Amino acid sequence: MTASPQPVGVPRRYRGSIAVWAALIAYASLYPFHPVRWPPPEVVGVFFSAPRYVARSDIAFNVIAYVPLGTLACLYFRERGDRRAILKAALFGAAFSLVMEVAQLFIPRRVATLADLLANFGGAVAGALLFTDLVYSMVTRRLGELREAVVIPGAWGDAGLVLLMLWLL
């Protein structure tokens, strides 16, 4: 059985970029991937308690890592003509962050905290807020036009930028 073809007029430009960026976040969040074990109750309790310390660099990295995810998700929802693209992108970032933090509970060397979840969500919201009317008209649209002029325009330019970000990270 083959998959049904994509209906005509349904945008697909940002799907690949979202998938690649989400895979990068998943890799960074879950490495090393083994040994997998059921989380002991005290580990689950730590997730819901206030952290003993909060590393500013960890919070900053979490925010920065999720800004592109929120941006790409917002672009995807806007491309589909959704008027609530910003809200949907923020919720997508929150859901993806929750999945990553819960998955970290199953890997002994990873630490999942509510602070990380909030930082990830904050980054996704910041990325999505680049498309509010004021910011979009003053900054985001102009940066998009510059990107289209300097880099290969369209989806191939998007793919090139995602690959460049992967290489830098």
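To start, this report covers the structure provided alongside it.

Definitions and limits used
- Residues numbered from 1 in each chain as written.
- Predicted model: local features only at pLDDT ≥ 70, side-chain atom pairs only at ≥ 80, totals over all residues.
- Heavy atoms only, no water.
- Helix = DSSP H or I, 4+ residues; strand = E, 2+ residues; numbered from the N terminus.
- Expected span 1.5 Å × (residues − 1).
- Buried < 20%, exposed > 50% of the residue type's maximum accessible area, 1.4 Å probe, protein only.
- Arc of directions from axis to C-beta.
- Contact = heavy atoms within 4.5 Å.
- Salt bridge = Lys/Arg side-chain N within 4 Å of Asp/Glu carboxyl O.
- Core = buried A, V, L, I, M, F, W, Y, C linked by side-chain atoms within 4.5 Å.

### Thoughts on helix H4 (residues 85-104)
Here comes step 1: Between its terminal C-alpha atoms H4 stretches 28 Å, which fits the 28 Å expected from 20 residues at 1.5 Å a residue.
Here comes step 2: Within the span of H4, buried status applies to Ala85, Ala89, Ala90, Gly93, Phe96, Ser97, Met100, Glu101 and Gln104. Along H4, the residues classed as buried sweep out an arc of 135 degrees about the axis, all on the same side.
Here comes step 3: In this structure, the buried residues of H4 make contact with helix H1 (15-30), helix H2 (41-48), helix H3 (56-79) and helix H5 (114-129).

### Remarks on the pattern of salt bridges
Note that side chains of opposite charge can pair when their charged atoms are close.
Here comes step 1: Under the counting rule described, the total for this entry stands at two salt bridges.
Here comes step 2: The partner of Lys88 in a salt bridge is Asp82, and the shortest N-O contact between them spans 2.5 Å.
Here comes step 3: A residue is classified by how much of its surface remains accessible, and Lys88, at 30% relative accessible area, is partly exposed.
Here comes step 4: Here Glu148 makes a salt bridge to Arg147, at a shortest N to O gap of 2.4 Å.
Here comes step 5: By relative accessible area, Arg147 is classed as buried at 17%.

### Some words on the side chain of Thr71
Here comes step 1: Among the secondary structure elements, Thr71 is positioned in helix H3.
Here comes step 2: On the accessibility criterion, Thr71 (16% relative accessible area) is buried.
Here comes step 3: Here Thr71 is in contact with Gly127, Ala128, Leu130 and Phe131, once residues within four sequence places are set aside.

### A word on the nonpolar core
Here comes step 1: Among the nonpolar cores identified, the biggest contains 24 residues, and Ile25, Tyr66, Leu69, Phe96 and Met100 are the most heavily contacted of them.
Here comes step 2: Of all elements in the fold, only H1, H3, H4 and H5 reach the threshold of two or more residues within this core.
Here comes step 3: Here the element with the most residues in this core is H3; it accounts for eight residues.
Here comes step 4: Residues contacting Ile25, with those up to four places away along its chain left out, are Ala65, Tyr66, Leu69, Phe96 and Met100.

So far we have only geometry, and geometry alone does not tell us how the molecule works.
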